[in-house]
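Chains, contacts and geometry: an overview
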Amino acid sequence: MIKILFICHGNICRSPMAEFVLKHLTAQSNLTSEMHIASAATSTEEIGNDIHRGTKRKLTQMKVPFSPRRARQVTRADYDEYDYLIVMDGNNLRNLRRIIGEDGENKVYKLLDFTERKGQDIADPWYTGNFDETYDDVLEGCEGLIRYLGY
């Protein structure tokens, strides 16, 4: 089983969006038993909070199922637990490295690294208000990740 952890700043917008989009894509392809998918934050600002209403609205619009959840912070132990730790932007990458230290096993990626837009960031809709653009980027990244994993 492949274990994937999506990571953003607060774990209420982008990382849960990626978590539920990838869960939806894997369910559609009968790959649910192949992957364990979760999400976390690099900060403590939103710990315990559910998904942002804008993310809920966009997932509902796109018919992507989701469930209530509580934001949590990524830990050093997550590095050992997960095969892939996938961040949304450069700030998340810097903050994650402070938490986990060195990435000696090459487990850390940006989500768009699995697309032709390698290295690019996914904008935070908390600041932009553009959940449509974020969803499009997340979907592109998740589809690229599935291809990268050979499914």
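Residues numbered from 1 in each chain as written. Predicted model: local features only at pLDDT ≥ 70, side-chain atom pairs only at ≥ 80, totals over all residues. Heavy atoms only, no water.

The subject of this paragraph is the pattern of salt bridges. Tallied over the full model, the rule gives 13 salt bridges. Two residues, K3 and E81, come together in a salt bridge whose shortest N-O distance is 2.9 Å. Linking K3 in strand 1 (residues 2-8) with E81 in helix 3 (residues 76-81), this pair joins segments that are 78 residues apart in sequence. Under the relative-accessibility criterion, E81 is labelled partly exposed at 39%. K110 is paired through a salt bridge with D121; the nearest N and O atoms lie 2.7 Å apart. One end of the pair, K110, is in strand 4 (residues 108-110); the other, D121, is in the loop between strand 4 and helix 5 (125-128), and 11 residues separate them in sequence. (Salt bridge = Lys/Arg side-chain N within 4 Å of Asp/Glu carboxyl O. Helix = DSSP H or I, 4+ residues; strand = E, 2+ residues; numbered from the N terminus. Buried < 20%, exposed > 50% of the residue type's maximum accessible area, 1.4 Å probe, protein only.)

This next bit is on the environment of R97. Relative to the elements of secondary structure, R97 occurs in helix 4 (residues 90-100). Remark: the alpha-carbon pair of R97 and F20, spanning 77 residues in sequence, is separated by 24 Å.

Our focus in this paragraph is the nonpolar core. One recurring pattern in soluble globular proteins is that nonpolar side chains are buried together. Judged by nonpolar contacts, the single largest core of 33 residues is most densely connected at I4, F6, V21, L22 and L111. At the level of secondary structure, the elements contributing two or more residues to this core comprise strand 1, helix 1 (14-28), strand 2 (35-41), strand 3 (84-87) and helix 6 (131-148). Leave out the neighbours within four places in its chain, and I4 touches L22, M35, H36, I37, A38, Y82, Y84, I86, L145 and L149. Counting residues in each nonpolar core, the second largest holds 13 residues, with L5, I7, A38 and V74 among its members. (Core = buried A, V, L, I, M, F, W, Y, C linked by side-chain atoms within 4.5 Å. Contact = heavy atoms within 4.5 Å.)

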